[in-house]
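Now for the letters of each chain:
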Amino acid sequence: MRKLYILLLLAMTAMQATAQQVLLYRNDGTRVKLHISELDSIIWKADTWADPTGEPNRLPLKVLATIGEGDKAQRNGMHKLHMGSEADSEEKTMLWQTDDKISLFQSSVSDKTNNLFTLSTGAETRQGSFSGTAAVGTSAIALYPYRQAMSLKGSSINDVILPTVQHATAGGYDPKAALMMGQTGDINEQNASELQIGFKNVCSYLVFTPSSELSHIVVTSLDLSEALSGNVTMTFADGLPTWTAKASHTANKVTLQGPLLAGQTYYLAVLPGTLQKGFSVACYDMNGKVLTQQYNSEASFVRSKYHDCTPFTQGTGQGLVVDMGLNSGARYWSTHNIGASSPSDPGDYFAWGETTAVNSYGTNRTSAVELKDQCSWTNYKHGDGQEHPTYTSTFVQKYGGTLEGGDDGKRELEGIDDAATALWGSGWSMPTYADFNALITECQHEYITDYHGSGVKGIVFYQASHQDCRFNDDKIDTKPDSHDNEKEVTHIFFPLGGHYENGTVNANSTIGYYWSKDLVKTALSDNENNPHFVNAVALHLGISEGNAITEANYYPRFRGFNIRPVKK
């Protein structure tokens, strides 16, 4: 075929009396002018030339593609995961799936085709053979998954899509979101039967294992300019994939569309990078209720690494983190109580120093822990198992008491006994007395009879920097004398959930009690030789003639109070 093209050129040139040269094309698209007298000497080399239309010589290829080659972090998985043995259960590997497709782009030839290669053998393994055609030339850039609209410009691939909405796959990822890149060696007849590619991950991954069924999960960067998904340009340089945003075509959020089943693990792909202001994660249940957690500090999503977002598996959804601007106490407070589905939900009740919730709403109120039936001295975790009608005669065995009858000197809950730390993870804790005192003294607060249409009564604390706030027409207004500039200002709401004691919720909608992590410093004792620390500090909220009552006081440790975590 190549000889035929050259002979045709020769014949055409011979008909032009003044023509002394012909124009030939190499496979890389370059043109060469040759004198007619030189043609005879190159006819034997015709197989190295293209036809005069510039179409390169294409070869049928078999591409042997290996997942994670030279990229150890790839063991964290892709759209189908193979779990290792019990000893290496943290190791996960992507497996090729039937009909998987990859793209090959060649910058070294004139043909910039998005070459389609389809898996022919190797399904359910890490190493698969892909079949397709490409031009003879130097190396090619490979990208998974194949998308017809992608194109090559220079050495970069344009219009690569990391979906903003990804579909939940139990035990793995949405295949369309599992972006990988690699590079081949030179393409020629010698390696056409087995061209090698080692693929590397493009994305970072977030892992979720919900404890109850979810409709969907939304991850959002707190800076609108920081992309998590969308249309990007990909480059493969120095053995690693990198991305750049395509203007106005990326999004600062990504959604994992469910349903997501309880107990199953799901992976969400995001663009790697550093989020300067942090990000939020919102989990929506099947009834439309949302539990949101916000990370307000700098966060790095590392390429080919996964980040565990399983605090939501506790069944006690964390709320949005609010900066209350306090000078003498914890600044960052959750909007939700432990066990609550919204700020107006009182959530679960706990005895002081216990991490097991009281069964106040039925057997599945808090799915993360085994529920206890009641709050009383007889079943108090740190008590002696006996009922004591007068609290002063109660013997406690930890935090002020020991099995030997002495004083262990502990006046603040350890992490193992702090419900916020135990259920929501490190970084969270129950407030201290100082935290509650700062909230009371530095923040304006107000009694609310119907918080955002929920019908729930409680106390609103406004951020320390906000003054003259008022709750008007379901909005919090910075100008109480006018509704012209209504604005939802930073605040947290404490529902008046009462307390739980001996099988009953008491004073619901009238009083609110919230445990601190502090033991009352003064002992109540039978005598000087046998001190018993039976009381702990709690925030007491109530109303008097329509006005809010807020104070930090002490109460018997066995009672079931709500808990509002802080983040240190």
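On a predicted model such as this, the values are computed, not experimentally measured, just so you know. (Residues numbered from 1 in each chain as written. Predicted model: local features only at pLDDT ≥ 70, side-chain atom pairs only at ≥ 80, totals over all residues. Heavy atoms only, no water.)

### A few points about the packing of aromatic side chains
Move 1: Applying the stated rule across the entire model yields 21 aromatic pairs.
Move 2: Both rings, one in Trp424 and one in Trp428, keep their centres 4.9 Å apart while their planes meet at 85 degrees; by these two values the pair is edge-to-face. Of the two residues, Trp424 and Trp428, neither departs from the other in class, the shared state being buried.
Move 3: Through a chain of ring-to-ring contacts, the aromatic side chains of Trp333, Phe436, Phe461, Phe494 and Tyr514 assemble into a single cluster.
Move 4: Between the NZ or CZ atom of Arg411 and the centre of the ring of Phe533, over which it lies, the distance is 4.0 Å.
Move 5: Above the face of the Phe494 ring, Arg564 is positioned so that its terminal group lies 4.3 Å from the ring centre. (Phe/Tyr/Trp six-rings, centres within 6.5 Å; stacked < 30°, edge-to-face > 60°. Buried < 20%, exposed > 50% of the residue type's maximum accessible area, 1.4 Å probe, protein only. Lys NZ or Arg CZ within 6 Å of the ring centre and 35° of its normal.)

### Some words on the sheet that holds strand E14 (residues 180–183)
Move 1: In space, the seven strands of this closed barrel follow the order E4-E9-E8-E7-E10-E14-E15, with mixed pairing throughout. On average, each strand axis in the sheet is inclined to that of its neighbour by 30 degrees, with strand direction left out of account.
Move 2: In the sheet, strand E10 (residues 141–144) pairs with E14 via four bridges, with the strands oriented antiparallel. Counterpart to Ile141 in the pairing with E14 is Gln183. (Pairing = 2+ DSSP bridges. Helix = DSSP H or I, 4+ residues; strand = E, 2+ residues; numbered from the N terminus. Axes fitted to C-alpha atoms, helices over the stretch in contact; angles between N-to-C directions.)

### Comments concerning the side chain of Ser516
Move 1: Its place among the elements puts Ser516 in strand E37 (residues 512–519).
Move 2: Under the relative-accessibility criterion, Ser516 is labelled buried at 0%.
Move 3: A polar side-chain atom of Ser516 sits 2.8 Å from the main-chain carbonyl oxygen of Val537. (Polar contact = N/O pair within 3.5 Å; in protein donor to acceptor, adjacent residues only side chain to side chain.)

### Observations regarding the confidence of the model for the protein
Move 1: When pLDDT is averaged along the protein, the result is 76, and 72% of the positions lie at 70 or above.
Move 2: No element of the protein has a lower mean pLDDT than strand E5 (residues 81–83), which averages 26, and none a higher one than E37, which averages 96.
Move 3: Confidence over residues 1–19 falls short of pLDDT 50; this stretch has 24 contacts with residues more than four positions distant or in other chains.
Move 4: Counting interchain partners and residues more than four positions distant, the pLDDT-below-50 stretch residues 38–54 has 34 contacts. (pLDDT = per-residue confidence, 0-100. Contact = heavy atoms within 4.5 Å.)

### So, the sheet that holds strand E21 (residues 266–270)
Move 1: With mixed pairing, three strands are arranged side by side in an open sheet as E21-E16-E26. Where the open sheet ends on each side, the last strands, each with one partner, are E21 and strand E26 (306–308). With strand direction ignored, the average angle separating the axes of adjacent strands in the sheet is 30 degrees.
Move 2: For strand E16 (residues 204–208) and E26, the ladder comprises three bridges, and the chain directions are parallel. Paired with Tyr205 across the bridge in E26 is Tyr306.

### Details of the pairing of strand E17 (residues 214–221)
Move 1: Of all eight residues that make up E17, eight are buried, and the element is covered over most of its length.
Move 2: Two elements, E17 and strand E20 (residues 253–260), share six bridges in a ladder whose sense is antiparallel. Each residue of the ladder has a partner; that of Ile217, found in E20, is Leu256.
Move 3: Bridge analysis of E17 against strand E23 (residues 279–285) gives seven bridges, and the strand direction is antiparallel. Across the sheet, the residue bridging to Leu214 is Asp285, located in E23.

### Description of unusual backbone geometry
Move 1: In this structure, the amide linkage connecting Tyr144 to the following residue, Pro145, adopts the cis form with an omega of -5 degrees.
Move 2: Residue Pro259 is bonded to the preceding Gly258 through a cis peptide linkage, with omega at 15 degrees.
Move 3: For Pro259, the position within the fold is in strand E20.
Move 4: The phi dihedral of Glu124 falls on the positive side, at around 70 degrees, and the residue is not glycine.
Move 5: Inspection of the secondary structure puts Glu124 in the loop between strand E8 (115–121) and strand E9 (127–135).

### Regarding the side chain of Asn114
Move 1: Within the secondary structure layout, Asn114 lies in the loop between strand E7 (101–105) and E8.
Move 2: Reaching out from Asn114, the side chain makes a polar contact with the backbone oxygen of Arg147 at a distance of 2.9 Å.
Move 3: For Asn114, the contacting residues outside a window of four places in its chain are Ser103, Leu104, Phe105, Tyr146, Arg147, Gln148 and Met150.

### Looking at the nonpolar core
Move 1: Ranked by internal contacts, the top residues of the largest apolar core, which has 32 residues, are Ile338, Phe350, Trp352, Met430, Trp515 and Ile563.
Move 2: Those elements that place two or more of their residues in this core are helix H3 (419–424), E37 and strand E40 (535–544).
Move 3: Among the elements that take part in this core, H3 stands out by supplying four residues, more than any other.
Move 4: Setting aside its immediate chain neighbours within four residues, Ile563 contacts Asn337, Ile338, Phe350, Ala419, Met430, Tyr514 and Trp515.
Move 5: The next biggest cluster of nonpolar side chains, apart from the first, holds 24 residues, and it includes Leu59, Leu61, Val63 and Ala142. (Core = buried A, V, L, I, M, F, W, Y, C linked by side-chain atoms within 4.5 Å.)

### Description of the pattern of salt bridges
Move 1: Tallied over the entire structure, the rule returns eight salt bridges.
Move 2: A salt bridge links Lys398 to Glu414; the nearest nitrogen and oxygen atoms lie 3.3 Å apart. Of this pair, Lys398 sits in the loop between strand E28 (332–334) and H3 while Glu414 sits in the loop between E28 and H3; the two residues are 16 residues apart in sequence, bridging distant segments of the chain.
Move 3: Taking the relative accessible area as the measure of exposure, Glu414 reaches 29% and is therefore partly exposed.
Move 4: Asp407 serves as the salt-bridge partner of Arg411, at 2.7 Å between the closest nitrogen and oxygen.
Move 5: Classification of Asp407 as partly exposed rests on a relative accessible area of 37%. (Salt bridge = Lys/Arg side-chain N within 4 Å of Asp/Glu carboxyl O.)

### A short note on the pairing of E40
The side chains of a regular strand alternate between the sheet's two faces.
Move 1: The element E40 is extensively covered by neighbouring structure, given that eight of its 10 residues are classed as buried.
Move 2: Of the strand pairs in this sheet, E37 and E40 are connected by five bridges, and their pairing is antiparallel. Each bridged residue has a counterpart across the sheet, and for Tyr514 the counterpart in E40 is Leu539.
Move 3: Linkage of E40 to strand E41 (residues 547–556), two consecutive antiparallel strands, is achieved through a turn of two residues, within which Glu545 is found at a positive phi near 55 degrees.

### A short note on the environment of Tyr513
Move 1: Within the secondary structure, Tyr513 sits in strand E37.
Move 2: C-alpha of Tyr513 to C-alpha of Gly560: the two residues are 47 residues apart in sequence and 8.8 Å apart in space.

### Brief notes about the environment of Val63
Move 1: Inspection of the secondary structure assignment puts Val63 in strand E4 (residues 58–67).
Move 2: In the structure, Val63 is positioned 134 residues away from Ile197 in sequence and 7.1 Å away in space, judged by C-alpha atoms.
Move 3: Excluding residues that lie within four positions of it along the chain, Val63 makes contacts with Leu104, Phe117, Gly128, Ser129, Phe130, Leu195 and Ile197.

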